[in-house]
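Examination of the molecular architecture
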Amino acid sequence: MIGRIVWFPVGWGMFGLLEDHSEDHTDIVITDGGSNSHCYHYAMESIRNTLHKYLKNGQNYKWIISHFDYDHFSLVGELIKNNELNRPDECFVPATYSTCKDTLVRYLALEDLILSKVIRYISYPEALGQLRNCKRITPVGSGKTLDTSNFTFQFIWPDTHTSESDCSELSEKIRQKVDKYCKEHAGEYEGGYNGCLRRYQEIFEQIYSNIKEIPSEGGNEGEGQTRLRYDKVSPEHTFSDKICIAELIQYRSIIDHELADIRRNALNYFSLGYILSPKLKTDYIGIIKNNILPAFPLFTKFISGSKNFLLFLGDMEYNAINNALRDRPKKYEIVIAAHHGNSYGGFVRGKIAILSRCDLHVPRSWRNVRREYRRNFTLNITTGHSNTVEIRLF
(Lines give C-alpha, C1' and ligand atoms only; values in the text may rest on other atoms or scores of the structure.)
Protein backbone atom coordinates (compact mmCIF):
# COMPACT_ATOMS: atom_id res chain seq x y z
CA MET A 1 0.00 0.00 0.00
CA ILE A 2 1.50 3.33 -1.07
CA GLY A 3 -0.96 5.41 0.89
CA ARG A 4 -4.39 6.07 2.32
CA ILE A 5 -6.79 8.96 1.91
CA VAL A 6 -9.15 9.26 4.87
CA TRP A 7 -12.22 11.40 5.42
CA PHE A 8 -13.38 11.48 9.04
CA PRO A 9 -16.99 11.70 10.33
CA VAL A 10 -17.16 15.16 11.89
CA GLY A 11 -20.80 15.97 11.17
CA TRP A 12 -21.17 19.34 9.51
CA GLY A 13 -17.48 19.97 8.92
CA MET A 14 -14.44 18.68 7.05
CA PHE A 15 -11.45 16.66 8.17
CA GLY A 16 -9.29 14.80 5.65
CA LEU A 17 -5.91 13.09 5.89
CA LEU A 18 -3.39 11.72 3.39
CA GLU A 19 -1.03 9.03 4.64
CA ASP A 20 1.78 8.58 2.07
CA HIS A 21 4.21 5.66 2.54
CA SER A 22 7.73 5.59 1.12
CA GLU A 23 10.62 3.26 1.93
CA ASP A 24 12.06 5.30 4.78
CA HIS A 25 9.26 7.52 6.07
CA THR A 26 5.55 8.38 6.02
CA ASP A 27 4.23 11.78 4.94
CA ILE A 28 1.05 13.03 6.60
CA VAL A 29 -1.03 15.88 5.16
CA ILE A 30 -4.18 17.01 6.95
CA THR A 31 -6.87 18.90 5.05
CA ASP A 32 -8.97 21.23 7.19
CA GLY A 33 -10.13 19.68 10.47
CA GLY A 34 -13.17 21.34 11.99
CA SER A 35 -16.86 21.02 12.81
CA ASN A 36 -19.72 23.41 13.43
CA SER A 37 -20.73 24.09 17.00
CA HIS A 38 -23.94 22.04 16.86
CA CYS A 39 -21.97 18.94 15.78
CA TYR A 40 -18.75 19.73 17.63
CA HIS A 41 -19.08 17.48 20.67
CA TYR A 42 -19.82 14.38 18.60
CA ALA A 43 -17.08 15.32 16.11
CA MET A 44 -14.36 15.71 18.73
CA GLU A 45 -15.36 12.43 20.34
CA SER A 46 -15.12 10.73 16.94
CA ILE A 47 -11.71 12.26 16.14
CA ARG A 48 -10.20 11.31 19.49
CA ASN A 49 -11.30 7.74 18.89
CA THR A 50 -10.10 7.40 15.27
CA LEU A 51 -7.29 9.83 14.45
CA HIS A 52 -4.65 7.84 16.35
CA LYS A 53 -5.08 4.97 13.87
CA TYR A 54 -3.51 7.16 11.19
CA LEU A 55 -1.48 9.83 12.99
CA LYS A 56 0.88 8.46 15.62
CA ASN A 57 1.83 10.35 18.76
CA GLY A 58 4.49 12.95 18.06
CA GLN A 59 4.30 12.40 14.29
CA ASN A 60 4.97 15.41 12.06
CA TYR A 61 2.44 16.56 9.48
CA LYS A 62 1.52 19.36 7.10
CA TRP A 63 -1.81 21.16 7.34
CA ILE A 64 -3.86 22.47 4.41
CA ILE A 65 -6.51 24.96 5.60
CA SER A 66 -8.96 25.53 2.77
CA HIS A 67 -10.43 28.62 4.46
CA PHE A 68 -11.01 30.09 7.89
CA ASP A 69 -14.55 29.02 8.67
CA TYR A 70 -15.05 27.44 12.09
CA ASP A 71 -16.15 24.09 10.67
CA HIS A 72 -12.87 23.74 8.75
CA PHE A 73 -10.16 24.35 11.36
CA SER A 74 -11.64 24.34 14.89
CA LEU A 75 -10.96 20.70 15.81
CA VAL A 76 -7.29 20.72 14.79
CA GLY A 77 -6.95 24.16 16.37
CA GLU A 78 -8.19 22.82 19.70
CA LEU A 79 -6.03 19.69 19.50
CA ILE A 80 -2.94 21.84 18.94
CA LYS A 81 -4.00 24.22 21.71
CA ASN A 82 -4.42 21.28 24.12
CA ASN A 83 -1.01 19.87 23.10
CA GLU A 84 -2.65 16.76 21.67
CA LEU A 85 -1.08 17.40 18.26
CA ASN A 86 2.39 18.65 17.37
CA ARG A 87 2.87 21.99 15.74
CA PRO A 88 2.40 21.54 11.97
CA ASP A 89 5.62 21.50 9.96
CA GLU A 90 3.95 23.74 7.38
CA CYS A 91 0.52 25.30 6.95
CA PHE A 92 -0.88 25.93 3.48
CA VAL A 93 -3.50 28.69 3.32
CA PRO A 94 -5.25 30.53 0.47
CA ALA A 95 -3.01 33.10 -1.22
CA THR A 96 -5.56 35.77 -0.27
CA TYR A 97 -4.44 35.22 3.33
CA SER A 98 -1.65 37.64 2.35
CA THR A 99 -3.10 39.73 -0.46
CA CYS A 100 -6.41 40.58 1.25
CA LYS A 101 -5.51 40.06 4.90
CA ASP A 102 -7.31 43.16 6.26
CA THR A 103 -10.54 42.15 4.53
CA LEU A 104 -10.17 38.57 5.74
CA VAL A 105 -9.72 39.66 9.36
CA ARG A 106 -12.68 42.05 9.12
CA TYR A 107 -14.81 39.17 7.89
CA LEU A 108 -13.63 36.81 10.65
CA ALA A 109 -14.22 39.48 13.31
CA LEU A 110 -17.77 39.93 12.01
CA GLU A 111 -18.33 36.16 12.16
CA ASP A 112 -17.09 36.01 15.76
CA LEU A 113 -19.08 39.07 16.83
CA ILE A 114 -22.33 37.50 15.61
CA LEU A 115 -21.75 33.76 15.97
CA SER A 116 -20.02 33.73 19.35
CA LYS A 117 -23.52 33.50 20.82
CA VAL A 118 -23.85 29.96 19.50
CA ILE A 119 -20.23 28.72 19.78
CA ARG A 120 -19.67 26.94 23.08
CA TYR A 121 -16.22 25.56 22.41
CA ILE A 122 -12.87 26.96 21.31
CA SER A 123 -13.48 30.50 20.06
CA TYR A 124 -12.65 31.88 16.62
CA PRO A 125 -9.70 33.93 17.92
CA GLU A 126 -8.35 31.01 19.99
CA ALA A 127 -8.53 28.56 17.08
CA LEU A 128 -7.03 31.04 14.62
CA GLY A 129 -4.29 31.74 17.12
CA GLN A 130 -2.97 28.24 16.51
CA LEU A 131 -1.67 29.45 13.14
CA ARG A 132 1.14 31.01 15.13
CA ASN A 133 2.21 27.46 15.97
CA CYS A 134 2.88 26.64 12.31
CA LYS A 135 6.61 26.40 11.67
CA ARG A 136 5.95 27.98 8.30
CA ILE A 137 2.86 29.42 6.61
CA THR A 138 2.75 29.10 2.82
CA PRO A 139 0.04 31.01 0.92
CA VAL A 140 -0.96 29.08 -2.22
CA GLY A 141 -3.14 29.77 -5.22
CA SER A 142 -3.82 28.52 -8.70
CA GLY A 143 -0.75 26.89 -10.25
CA LYS A 144 1.09 26.06 -7.01
CA THR A 145 1.82 22.47 -6.00
CA LEU A 146 2.66 20.40 -2.92
CA ASP A 147 4.55 17.16 -3.50
CA THR A 148 4.82 14.17 -1.18
CA SER A 149 6.62 10.93 -2.04
CA ASN A 150 3.81 9.40 -4.09
CA PHE A 151 1.28 12.21 -4.56
CA THR A 152 0.93 15.73 -5.91
CA PHE A 153 -1.49 18.38 -4.68
CA GLN A 154 -2.17 20.80 -7.54
CA PHE A 155 -3.85 23.93 -6.18
CA ILE A 156 -6.44 25.32 -8.58
CA TRP A 157 -7.88 28.21 -6.54
CA PRO A 158 -7.85 31.04 -5.52
CA ASP A 159 -7.21 33.20 -8.54
CA THR A 160 -5.44 36.01 -6.69
CA HIS A 161 -5.94 38.60 -9.42
CA THR A 162 -9.71 38.18 -9.33
CA SER A 163 -9.80 38.16 -5.54
CA GLU A 164 -7.68 41.28 -5.04
CA SER A 165 -9.95 43.36 -7.27
CA ASP A 166 -12.98 42.51 -5.13
CA CYS A 167 -11.53 42.92 -1.63
CA SER A 168 -12.38 46.60 -1.25
CA GLU A 169 -16.00 45.97 -2.23
CA LEU A 170 -16.31 43.15 0.30
CA SER A 171 -14.71 45.31 3.01
CA GLU A 172 -17.35 47.96 2.48
CA LYS A 173 -20.16 45.38 2.75
CA ILE A 174 -18.64 44.14 6.01
CA ARG A 175 -18.39 47.70 7.37
CA GLN A 176 -22.06 48.33 6.56
CA LYS A 177 -23.11 45.04 8.15
CA VAL A 178 -21.18 45.76 11.36
CA ASP A 179 -22.77 49.20 11.57
CA LYS A 180 -26.28 47.81 11.02
CA TYR A 181 -25.76 44.92 13.44
CA CYS A 182 -24.52 47.21 16.22
CA LYS A 183 -27.50 49.53 15.76
CA GLU A 184 -29.96 46.62 15.92
CA HIS A 185 -28.24 44.95 18.91
CA ALA A 186 -27.09 48.01 20.82
CA GLY A 187 -29.02 46.95 23.91
CA GLU A 188 -26.93 43.78 24.25
CA TYR A 189 -23.67 45.66 24.84
CA GLU A 190 -22.44 47.90 27.61
CA GLY A 191 -22.19 51.31 26.01
CA GLY A 192 -24.86 50.50 23.44
CA TYR A 193 -24.00 51.06 19.78
CA ASN A 194 -20.51 52.36 20.53
CA GLY A 195 -19.91 49.44 22.90
CA CYS A 196 -20.77 46.99 20.12
CA LEU A 197 -18.36 48.77 17.75
CA ARG A 198 -15.66 48.65 20.42
CA ARG A 199 -16.24 44.92 20.87
CA TYR A 200 -15.90 44.39 17.11
CA GLN A 201 -12.65 46.34 17.09
CA GLU A 202 -11.32 44.29 20.02
CA ILE A 203 -12.06 41.05 18.15
CA PHE A 204 -10.47 42.46 14.98
CA GLU A 205 -7.28 43.38 16.84
CA GLN A 206 -7.16 40.03 18.64
CA ILE A 207 -7.48 38.04 15.42
CA TYR A 208 -5.07 40.30 13.54
CA SER A 209 -2.43 39.98 16.23
CA ASN A 210 -2.73 36.18 16.02
CA ILE A 211 -2.19 35.88 12.28
CA LYS A 212 -0.31 39.02 11.24
CA GLU A 213 3.13 37.42 11.19
CA ILE A 214 4.16 34.52 8.97
CA PRO A 215 6.26 32.38 11.34
CA SER A 216 9.84 31.54 10.47
CA GLU A 217 11.14 28.00 10.62
CA GLY A 218 11.92 26.76 14.08
CA GLY A 219 12.04 23.79 16.41
CA ASN A 220 8.92 21.94 17.42
CA GLU A 221 8.75 22.39 21.15
CA GLY A 222 7.57 19.24 22.87
CA GLU A 223 7.98 17.18 19.74
CA GLY A 224 7.24 13.55 20.52
CA GLN A 225 5.50 14.53 23.75
CA THR A 226 2.07 15.35 22.38
CA ARG A 227 -0.60 12.81 23.12
CA LEU A 228 -3.97 12.34 21.47
CA ARG A 229 -6.58 11.37 24.05
CA TYR A 230 -8.02 8.06 22.90
CA ASP A 231 -11.01 8.16 25.17
CA LYS A 232 -14.53 9.38 25.34
CA VAL A 233 -14.95 13.11 25.78
CA SER A 234 -16.15 14.12 29.23
CA PRO A 235 -18.95 16.52 28.31
CA GLU A 236 -19.07 19.87 30.02
CA HIS A 237 -22.73 20.18 29.07
CA THR A 238 -25.66 17.84 28.56
CA PHE A 239 -25.89 16.68 24.94
CA SER A 240 -28.62 15.13 22.85
CA ASP A 241 -29.74 15.24 19.25
CA LYS A 242 -32.58 17.57 20.26
CA ILE A 243 -30.11 20.02 21.79
CA CYS A 244 -27.94 19.89 18.66
CA ILE A 245 -30.94 20.60 16.43
CA ALA A 246 -32.06 23.45 18.69
CA GLU A 247 -28.57 24.96 18.46
CA LEU A 248 -28.69 24.72 14.67
CA ILE A 249 -32.05 26.51 14.56
CA GLN A 250 -30.59 29.28 16.72
CA TYR A 251 -27.53 29.40 14.48
CA ARG A 252 -29.61 29.69 11.31
CA SER A 253 -31.78 32.41 12.81
CA ILE A 254 -28.67 34.58 13.16
CA ILE A 255 -27.60 34.20 9.50
CA ASP A 256 -29.70 36.80 7.67
CA HIS A 257 -29.54 37.36 3.91
CA GLU A 258 -26.94 40.13 4.22
CA LEU A 259 -24.53 38.00 6.24
CA ALA A 260 -25.22 35.04 3.95
CA ASP A 261 -24.25 37.18 0.92
CA ILE A 262 -21.04 38.32 2.64
CA ARG A 263 -20.21 34.71 3.50
CA ARG A 264 -20.74 33.55 -0.10
CA ASN A 265 -18.33 36.20 -1.37
CA ALA A 266 -15.81 35.49 1.37
CA LEU A 267 -15.90 31.75 0.71
CA ASN A 268 -14.94 32.36 -2.91
CA TYR A 269 -12.27 34.98 -2.16
CA PHE A 270 -10.64 33.16 0.76
CA SER A 271 -10.97 29.49 -0.18
CA LEU A 272 -8.53 27.15 -1.87
CA GLY A 273 -9.16 24.07 -3.95
CA TYR A 274 -6.88 21.30 -5.20
CA ILE A 275 -6.61 18.21 -7.35
CA LEU A 276 -4.81 15.30 -5.67
CA SER A 277 -3.10 12.79 -7.98
CA PRO A 278 -0.91 9.73 -7.41
CA LYS A 279 2.37 9.89 -9.33
CA LEU A 280 2.20 6.27 -10.51
CA LYS A 281 -0.45 3.98 -11.94
CA THR A 282 -2.43 2.75 -8.97
CA ASP A 283 -5.13 0.32 -7.87
CA TYR A 284 -7.45 1.62 -5.20
CA ILE A 285 -10.23 0.35 -3.01
CA GLY A 286 -12.76 2.40 -1.08
CA ILE A 287 -13.88 1.31 2.37
CA ILE A 288 -16.49 2.61 4.78
CA LYS A 289 -15.67 2.05 8.44
CA ASN A 290 -18.87 2.44 10.39
CA ASN A 291 -18.99 2.69 14.18
CA ILE A 292 -21.66 -0.01 14.16
CA LEU A 293 -21.20 -2.06 10.99
CA PRO A 294 -18.00 -3.91 10.02
CA ALA A 295 -15.83 -2.45 7.27
CA PHE A 296 -16.74 -3.52 3.76
CA PRO A 297 -15.30 -2.70 0.31
CA LEU A 298 -17.23 -0.27 -1.87
CA PHE A 299 -15.37 0.10 -5.11
CA THR A 300 -12.26 -1.22 -6.83
CA LYS A 301 -10.83 0.07 -10.10
CA PHE A 302 -7.50 0.23 -11.90
CA ILE A 303 -6.69 3.87 -12.63
CA SER A 304 -3.97 5.96 -14.19
CA GLY A 305 -2.31 8.16 -11.60
CA SER A 306 -2.44 11.43 -13.48
CA LYS A 307 -4.68 14.47 -13.39
CA ASN A 308 -8.07 13.33 -12.28
CA PHE A 309 -8.04 11.23 -9.10
CA LEU A 310 -9.48 13.42 -6.31
CA LEU A 311 -11.04 16.89 -6.48
CA PHE A 312 -11.37 19.04 -3.35
CA LEU A 313 -13.18 22.39 -3.51
CA GLY A 314 -13.77 23.23 0.17
CA ASP A 315 -16.66 25.67 0.52
CA MET A 316 -16.35 27.30 -2.88
CA GLU A 317 -19.57 28.44 -4.53
CA TYR A 318 -20.83 28.06 -8.08
CA ASN A 319 -19.00 30.86 -9.93
CA ALA A 320 -15.67 30.10 -8.28
CA ILE A 321 -16.09 26.38 -9.01
CA ASN A 322 -16.80 27.06 -12.67
CA ASN A 323 -13.81 29.41 -12.93
CA ALA A 324 -11.45 27.04 -11.12
CA LEU A 325 -12.37 24.14 -13.41
CA ARG A 326 -12.69 26.13 -16.63
CA ASP A 327 -9.62 24.59 -18.28
CA ARG A 328 -9.40 21.45 -16.17
CA PRO A 329 -10.89 17.94 -16.22
CA LYS A 330 -14.60 17.64 -15.43
CA LYS A 331 -14.52 13.97 -14.41
CA TYR A 332 -12.74 12.54 -11.33
CA GLU A 333 -12.51 9.24 -9.54
CA ILE A 334 -13.41 10.91 -6.23
CA VAL A 335 -14.96 14.32 -5.48
CA ILE A 336 -15.20 15.84 -2.01
CA ALA A 337 -18.55 17.52 -2.49
CA ALA A 338 -18.14 21.30 -2.41
CA HIS A 339 -19.60 23.11 0.59
CA HIS A 340 -20.50 19.76 2.17
CA GLY A 341 -22.71 19.00 -0.83
CA ASN A 342 -24.63 22.29 -0.74
CA SER A 343 -22.68 23.82 -3.62
CA TYR A 344 -22.48 22.15 -6.98
CA GLY A 345 -21.00 23.19 -10.32
CA GLY A 346 -23.42 21.06 -12.32
CA PHE A 347 -20.91 19.63 -14.74
CA VAL A 348 -18.52 17.67 -12.50
CA ARG A 349 -18.83 13.91 -12.83
CA GLY A 350 -17.18 10.99 -11.07
CA LYS A 351 -17.35 7.57 -9.47
CA ILE A 352 -17.39 8.45 -5.76
CA ALA A 353 -18.79 11.59 -4.13
CA ILE A 354 -17.98 12.09 -0.44
CA LEU A 355 -20.39 14.44 1.30
CA SER A 356 -18.73 15.57 4.52
CA ARG A 357 -21.90 16.56 6.31
CA CYS A 358 -24.51 15.49 8.83
CA ASP A 359 -28.08 15.01 7.62
CA LEU A 360 -29.41 14.58 11.16
CA HIS A 361 -28.65 18.07 12.45
CA VAL A 362 -29.66 20.06 9.35
CA PRO A 363 -32.95 21.34 7.92
CA ARG A 364 -34.78 18.79 5.77
CA SER A 365 -34.51 21.03 2.68
CA TRP A 366 -30.71 20.77 2.73
CA ARG A 367 -30.90 17.04 2.09
CA ASN A 368 -32.33 17.42 -1.40
CA VAL A 369 -28.99 18.44 -2.88
CA ARG A 370 -27.88 14.81 -2.74
CA ARG A 371 -30.18 14.07 -5.69
CA GLU A 372 -27.81 15.98 -7.98
CA TYR A 373 -24.89 13.86 -6.83
CA ARG A 374 -26.87 10.64 -7.29
CA ARG A 375 -27.41 11.57 -10.93
CA ASN A 376 -23.75 12.24 -11.62
CA PHE A 377 -21.80 9.80 -9.41
CA THR A 378 -21.81 6.04 -9.16
CA LEU A 379 -21.53 6.07 -5.38
CA ASN A 380 -22.45 8.71 -2.79
CA ILE A 381 -21.19 8.52 0.79
CA THR A 382 -22.32 10.82 3.60
CA THR A 383 -19.85 10.74 6.48
CA GLY A 384 -22.28 11.92 9.16
CA HIS A 385 -21.07 11.08 12.67
CA SER A 386 -20.16 7.44 12.08
CA ASN A 387 -18.75 6.78 8.58
CA THR A 388 -14.97 7.05 8.22
CA VAL A 389 -14.22 6.83 4.50
CA GLU A 390 -10.84 5.29 3.68
CA ILE A 391 -9.34 5.06 0.19
CA ARG A 392 -6.41 2.64 0.03
CA LEU A 393 -3.98 2.88 -2.89
CA PHE A 394 -1.65 0.06 -3.95
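These remarks concern the structure in this document. Small disclaimer: the values here were computed from a predicted structure and weren't measured. (Residues numbered from 1 in each chain as written. Predicted model: local features only at pLDDT ≥ 70, side-chain atom pairs only at ≥ 80, totals over all residues. Heavy atoms only, no water.)

Assigned secondary structure in the protein consists of 11 helices and 16 strands. In the protein, buried positions account for 58% of the 394 residues. Within the protein, contacts between residues separated by at least 24 positions form 78% of all contacts whose residues are at least 6 apart in sequence. Surface accessibility of the protein: about 16,200 Å² in total, with carbon and sulfur atoms responsible for 47%. (Helix = DSSP H or I, 4+ residues; strand = E, 2+ residues; numbered from the N terminus. Buried < 20%, exposed > 50% of the residue type's maximum accessible area, 1.4 Å probe, protein only. Contact = heavy atoms within 4.5 Å. Areas by Shrake-Rupley, 256 points an atom, 1.4 Å probe, with all protein chains shown as cover.)

Turning our eyes to something else, we now look at the packing of aromatic side chains. Taken as a whole and judged by the stated rule, the model has 12 aromatic pairs. Judged by centre distance (5.2 Å) and plane angle (85°), the rings of phenylalanine 8 and phenylalanine 15 are edge-to-face. Note on phenylalanine 15: relative accessible area 0%, which makes it buried. Taken together, a centroid distance of 5.8 Å and an interplanar angle of 35° make the contact between phenylalanine 68 and tyrosine 97 tilted. Of this pair, phenylalanine 68 sits in the loop between strand S4 (62-64) and helix H2 (70-81) while tyrosine 97 sits in helix H3 (residues 96-99), and the two are 29 residues apart along the sequence. As far as burial versus exposure is concerned, phenylalanine 68 and tyrosine 97 are alike and both buried. The structure contains a cluster of three or more aromatic residues connected by ring pairs, namely Trp7, Phe92, Phe153, Phe155, Tyr274 and Phe312. (Phe/Tyr/Trp six-rings, centres within 6.5 Å; stacked < 30°, edge-to-face > 60°.)

Inspection of every chain in the model, using the stated rule, returns 3 disulfides. Disulfide partner of cysteine 91: cysteine 134, at an S-S distance of 1.9 Å. A torsion of -75° about the S-S bond marks the disulfide between cysteine 91 and cysteine 134 as left-handed. One end of the pair, cysteine 91, is in strand S5 (residues 90-94); the other, cysteine 134, is in the loop between helix H5 (124-128) and strand S6 (137-140), and 43 residues separate them in sequence. Of the two residues examined, cysteine 91 and cysteine 134, each falls in the buried class. Two residues, cysteine 100 and cysteine 167, share a disulfide whose sulfurs are 1.8 Å apart. Judged by the torsion about the S-S bond (100°), the cysteine 100/cysteine 167 disulfide is right-handed. One end of the pair, cysteine 100, is in the loop between H3 and helix H4 (101-115); the other, cysteine 167, is in helix H6 (residues 160-184), and 67 residues separate them in sequence. Exposure remark for cysteine 100: the relative accessible area of 4% places this residue in the buried category. Judged by its relative accessible area of 6%, cysteine 167 falls in the buried class. Cysteine cysteine 39 remains unbridged, with the sulfur of cysteine 358 as its closest cysteine sulfur at 4.3 Å. For cysteine 358, a relative accessible area of 2% translates into the label buried. (Disulfide = S-S within 2.5 Å.)

Remark: helix H1 (residues 37-50) packs on H2, axes separated minimally by 11 Å, with the N-to-C direction vectors making an angle of 45°. On the basis of their axis angle, the class for H1 and H2 is oblique. As H1 packs across H2, the resulting crossing turns out to be right-handed. Contacts between H1 and H2 pair Ser37, Tyr40, Ala43, Met44, Ile47 and Arg48 from the former with Tyr70, Ser74, Leu75, Glu78 and Leu79 from the latter. In the contact of H1 with H2, the residues fall into 7 nonpolar, 2 polar and 2 charged. (Axes fitted to C-alpha atoms, helices over the stretch in contact; angles between N-to-C directions. Parallel < 35°, antiparallel > 145°, perpendicular 65-115°, else oblique. Left-handed = near helix turned anticlockwise from the far one by under 90°. Nonpolar A, V, L, I, M, F, W, Y, C, P; charged D, E, K, R; others polar.)

Spatially, 7 strands are ordered S7-S8-S9-S12-S13-S14-S15 in an open sheet, and the strand pairing comes out mixed. Edge strands, defined here as strands with exactly one partner in the open sheet, are strand S7 (145-147) and strand S15 (377-382). Each strand axis lies, on average, 20° off the axis of its neighbour in the sheet, ignoring direction. Relative to strand S14 (residues 349-355), strand S13 (residues 331-336) is paired through 5 bridges, and the arrangement is parallel. By the bridge assignment, isoleucine 334 is partnered in S14 with isoleucine 352. (Pairing = 2+ DSSP bridges.)

Purely geometric stuff here, so don't read any function into it on its own.
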